Amino acid sequence: EDKVVQSPLSLVVHEGDTVTLNCSYEVTNFRSLLWYKQEKKAPTFLFMLTSSGIEKKSGRLSSILDKKELFSILNITATQTGDSAIYLCAVTYTGTASKLTFGTGTRLQVML
Amino acid sequence: ETGVTQTPRHLVMGMTNKKSLKCEQHLGHNAMYWYKQSAKKPLELMFVYNFKEQTENNSVPSRFSPECPNSSHLFLHLHTLQPEDSALYLCASSQYHPPGGQYFGPGTRLTVL
């Protein structure tokens, strides 16, 4: 059975801290790993990672994939209260372009 | 309007009712999806449509019936639901080939009494 596991399940930090969120996976026919941020309702797309070792960066967020060890990390530097959300990772598959399997998410709370 | 829209945003229905959820995407994508999000569970993929053709049905009970009249519109018809079907139902769209990130609508919060 395919598995996508995120850790920690929840995290409370103070503004200005740096956080690292983890996503590990065990799937057959892996194609790519996606990160989403979910605040009140709809997840918003952050990154798609296909190749190992290539960092994707957007402002204070960055992410990298390790296809050998089967995990990805999402880093957020200089956290702000607006970063408070659930961060979801998901994997896609070769041969089935449309299917995603999501992890349960990491709930991040950034305190003043 | 831009992005992915869903209506209604909230829905309360009895177990004997019939209702429909609507999704519309304005992104020029050719694939659309229905997901169910229950408390403390991962997002569950329900249905996938690629160019209006259903390509995935993840063992969803027949009381959920999808309809995709064109690449921009997706419906989820509901009938004789159970209280455990109460959840947030999210619609998403993407390019099917090459596969890209899925963009989500705001969701419909469904409560079944």
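The preceding data block contains the structure.
Nothing here was measured: the structure is a model prediction, and the numbers come from that model. (Residues numbered from 1 in each chain as written. Chains lettered and ligands numbered in written order. Predicted model: local features only at pLDDT ≥ 70, side-chain atom pairs only at ≥ 80, totals over all residues. Heavy atoms only, no water.)

Student: Give a detailed account of the interface of chain A and chain B, specifying residues and quantitative values.
Tutor: The interface is formed by 18 residues belonging to chain A together with 24 residues belonging to chain B. Both sides of the chain A and chain B interface together cover about 1,700 Å² of buried area, and 62% of this is carbon and sulfur. Connecting chain A to chain B are 0 salt bridges. Across the contact surface, chain A and chain B share 2 residue pairs in polar contact (both at pLDDT 80 or more). At 6 residues, strand β10 (residues 96–102) of chain A tops the list of elements feeding residues into the side of chain A that touches chain B. Grouping the constituent residues of the side of chain A that touches chain B by class yields 10 nonpolar, 5 polar and 3 charged. (Contact = heavy atoms within 4.5 Å. Buried area = accessible area lost by both parts, 1.4 Å probe. Salt bridge = Lys/Arg side-chain N within 4 Å of Asp/Glu carboxyl O. Polar contact = N/O pair within 3.5 Å; in protein donor to acceptor, adjacent residues only side chain to side chain. Helix = DSSP H or I, 4+ residues; strand = E, 2+ residues; numbered from the N terminus. Nonpolar A, V, L, I, M, F, W, Y, C, P; charged D, E, K, R; others polar.)

Student: Which residues make up the environment of B:Met32, and what values do they have?
Tutor: Residues and elements named next belong to chain B. Positionally, Met32 belongs in strand β4 (residues 31–37). With 39 residues separating them in the primary sequence, Met32 and Ser71 have C-alpha atoms 7.4 Å apart. Once residues lying within four places of it in the same chain are set aside, the contact partners of Met32 are Cys23, Gln25, Phe47, Val48, Tyr49, Ser71, Ser72, His73, Leu74, Cys91, Ala92 and Ser93.

Student: Hey, could you go over the sheet that holds strand β8 (residues 71–76) of chain A for me, with residue numbers and the actual values?
Tutor: Residue and element names in this part refer to chain A. An order of β1-β3-β8-β7-β6 is seen for the 5 strands of this open sheet, with the pairing classed as antiparallel. Because the sheet does not close on itself, it has two edges, and the strands there are β1 (3–7) and β6 (56–58). Averaged over all neighbouring strand pairs, the angle between strand axes comes to 15°, with direction disregarded. Both β6 and strand β7 (residues 61–66) contribute to a ladder of 3 bridges, which runs antiparallel. Following the sheet pairing, Ser58 is matched in β7 by Leu61. (Pairing = 2+ DSSP bridges. Axes fitted to C-alpha atoms, helices over the stretch in contact; angles between N-to-C directions.)

Student: So what about the nonpolar core? Which residues, and what values?
Tutor: One finds A:Tyr25, A:Phe30, A:Leu33, A:Trp35, A:Tyr87, A:Val91 and A:Leu108 to be the most contacted residues of the largest nonpolar core, which totals 23 residues. Of all the secondary structure elements, the ones that give two or more residues to this core are β3 (19–26), β4 (30–38), β5 (43–49), β7, β8, β9 (85–93) and β11 (106–111) of chain A. For this core, the element with the most residues is β9(A), which contributes 5 residues. With residues near it in sequence (within four places) discarded, A:Tyr87 still touches A:Gln6, A:Leu21, A:Tyr36, A:Lys37, A:Leu46, A:Leu74, A:Ile76, A:Gly105, A:Thr106 and A:Leu108. Core analysis: the next-biggest nonpolar cluster, separate from the first, contains 22 residues, B:Leu21, B:Trp34, B:Ala87 and B:Tyr89 among them. (Core = buried A, V, L, I, M, F, W, Y, C linked by side-chain atoms within 4.5 Å. Buried < 20%, exposed > 50% of the residue type's maximum accessible area, 1.4 Å probe, protein only.)

Student: Describe the side chain of A:Lys37, naming the residues involved and giving the relevant values.
Tutor: All names here are of chain A. Position of Lys37 relative to the elements: it lies in strand β4. A polar atom in the side chain of Lys37 sits 2.9 Å from the backbone oxygen of Gly82. Not counting residues within four places of it along the chain, the set of residues in contact with Lys37 comprises Ala42, Pro43, Thr44, Leu46, Gly82, Asp83, Ala85, Ile86 and Tyr87.

Student: How would you summarise the sheet that holds strand β8 (residues 73–79) of chain B if you had to cite specific residues and measurements?
Tutor: Residue and element names in this part refer to chain B. What the 4 strands build is an open sheet, ordered β1-β3-β8-β7; its pairing is antiparallel. Either end of the sheet is taken by a strand with one partner, and the two such strands are β1 (4–7) and β7 (64–70). Averaged over all neighbouring strand pairs, the angle between strand axes comes to 20°, with direction disregarded.

Student: Any details on unusual backbone geometry? Residues and values, ideally.
Tutor: Across the junction of A:Ser7 and A:Pro8, the peptide omega takes the value -10°, indicating a cis bond. In this chain, B:Thr7 is followed by B:Pro8 through a cis amide linkage whose omega measures -10°. With respect to the helices and strands, B:Pro8 occurs in the loop between β1 and β2 (10–13). Phi at A:Leu70 is positive, roughly 60°, even though this residue is not glycine. Its identity as a non-glycine residue notwithstanding, B:Thr80 has a phi of 45°, on the positive side. Structurally, B:Thr80 is set in the loop between β8 and β9 (87–94).

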